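Remarks on the overall topology
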Amino acid sequence: MPYADVNGLHLYYQEHGEGPPLVLLHGGLMTIELNFGVALPALAGHHRVIAVELQGHGRTADVDRPPTFPDFAADVVALLDHLGIERADVASADHRNDRGGEADPARLPTPDDFEAMRDAYVATAPDPGAFDAVAERTSGLVQSFTGWTDDQLRDVQVPVLILVGDTDFIHVENAAEAMRLLPQGQLAVLPGSTHMDLTRSTLLAPVIEAFLA
């Protein structure tokens, strides 16, 4: 299995397909397969897909380093340097900390969703018993993230697609506000979809492909 030793991590990644590089970044407590298993084969039909499992997720062991988004980003940049990739498109799982829907249980991951996360972790992780500790650290990371300012979003000078479900814990109106602030922002809303439903939707790959095209 391919690993890259970067920034003190034994970082797991997968490569699929050929074409322009496309980096897939999973969400919290997810693995490559759990987050992108449905979409990955279709995306690999037109792209060199590089899917990574971040610190403490899936096959990448946790280390004695507080999880931070800047460190995660630096790890991905180091992986791309390791692979000799100078430019890539990126597909990720979140965009801004406007989670107004977290008060609504119907919008949140279900007990079955959390069980799937645990099962995927146990099946792949170097330390299968560390799921609860990683979940606690990940929750702290998410809660500490304050999002980006309006000016920071206005400074993003590349095309960005914000993709949410209509019953996502990120409200559609918040996603639309972020889209308007991005100079080259686009918004796609999948019908009848929670945040977790996005990972399983057969619409995910076609929407991403249309945007990248």
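This text gives an overview of the structure that appears in the document. Keep in mind the model is a prediction, meaning the values are calculated, not measured. (Residues numbered from 1 in each chain as written. Predicted model: local features only at pLDDT ≥ 70, side-chain atom pairs only at ≥ 80, totals over all residues. Heavy atoms only, no water.)

Some points on the pattern of salt bridges
Opposite charge on two side chains lets them pair, provided their charged atoms get close. Per the counting criterion, the structure on display carries eleven salt bridges. We note a salt bridge from Asp71 to Arg65, for which the minimum N-O separation is 3.8 Å. Note that Arg65 is salt-bridged to Asp75, the shortest N-O span being 2.6 Å. Of this pair, Arg65 sits in the loop between strand S4 (48–53) and helix H3 (69–83) while Asp75 is found in helix H3, placing the two residues ten residues apart along the sequence. Residues Arg65 and Asp75 agree in their burial class; the two are buried. (Salt bridge = Lys/Arg side-chain N within 4 Å of Asp/Glu carboxyl O. Helix = DSSP H or I, 4+ residues; strand = E, 2+ residues; numbered from the N terminus. Buried < 20%, exposed > 50% of the residue type's maximum accessible area, 1.4 Å probe, protein only.)

A closer look at helix H4 (residues 111–124)
Between its first and last C-alpha, H4 extends 20 Å over 14 residues, near the 20 Å set by a 1.5 Å rise per residue. Of the positions making up H4, those classed as buried are Asp113, Met117, Ala120 and Tyr121. Mapping the buried residues of H4 onto a view down its axis gives an arc of 100°, with all of them on the same face. Every exposed residue of H4 that faces more than 90 degrees away from the buried side is listed here: Pro111, Asp112 and Ala123. Here the buried face of H4 lies against helix H1 (32–36), helix H5 (131–144) and helix H8 (195–200). (Expected span 1.5 Å × (residues − 1). Arc of directions from axis to C-beta. Contact = heavy atoms within 4.5 Å.)

Remarks on the packing of H4 against H5
Between H4 and H5, the shortest axis-to-axis distance is 10 Å and the interhelical angle comes to 120°. Accordingly, the angle class assigned to the pair H4 and H5 is oblique. In this structure, H4 crosses over H5, and the sense of that crossing is right-handed. Across the interface between the two elements, Met117, Arg118 and Tyr121 of H4 pack against Phe131, Asp132 and Val134 of H5. When its residues are assigned to classes, the contact of H4 with H5 shows four nonpolar, no polar and two charged. (Axes fitted to C-alpha atoms, helices over the stretch in contact; angles between N-to-C directions. Parallel < 35°, antiparallel > 145°, perpendicular 65-115°, else oblique. Left-handed = near helix turned anticlockwise from the far one by under 90°. Nonpolar A, V, L, I, M, F, W, Y, C, P; charged D, E, K, R; others polar.)

Overview of the environment of Leu198
Among the structural elements, Leu198 can be located in helix H8. Sequence separation between Leu198 and Leu153 is 45 residues; the distance between their C-alpha atoms is 23 Å. Those residues in contact with Leu198 that sit more than four places away from it in its chain are Leu163, Val164, Gly165, Asp168, Leu190, Ser193 and Leu204.

Quick word on the nonpolar core
Formed by 19 residues in total, the largest nonpolar core has its most connected members in Leu22, Leu24, Leu40, Leu43 and Val49. At the level of secondary structure, the elements contributing two or more residues to this core comprise strand S3 (21–25), H1, helix H2 (40–43), S4, strand S7 (185–190) and helix H9 (204–212). Ranked by residue count, the leading element in this core is H9, at three residues. Not counting chain neighbours up to four residues away, the residues in contact with Leu22 comprise Leu43, His47, Arg48, Val49, Ile50, Asp89, Val90, Ala91 and Leu212. Listed in part, the 18 residues of the second largest apolar core include Val23, Leu80, Leu83 and Ile85. (Core = buried A, V, L, I, M, F, W, Y, C linked by side-chain atoms within 4.5 Å.)

That's the geometry; what it means functionally is another story.
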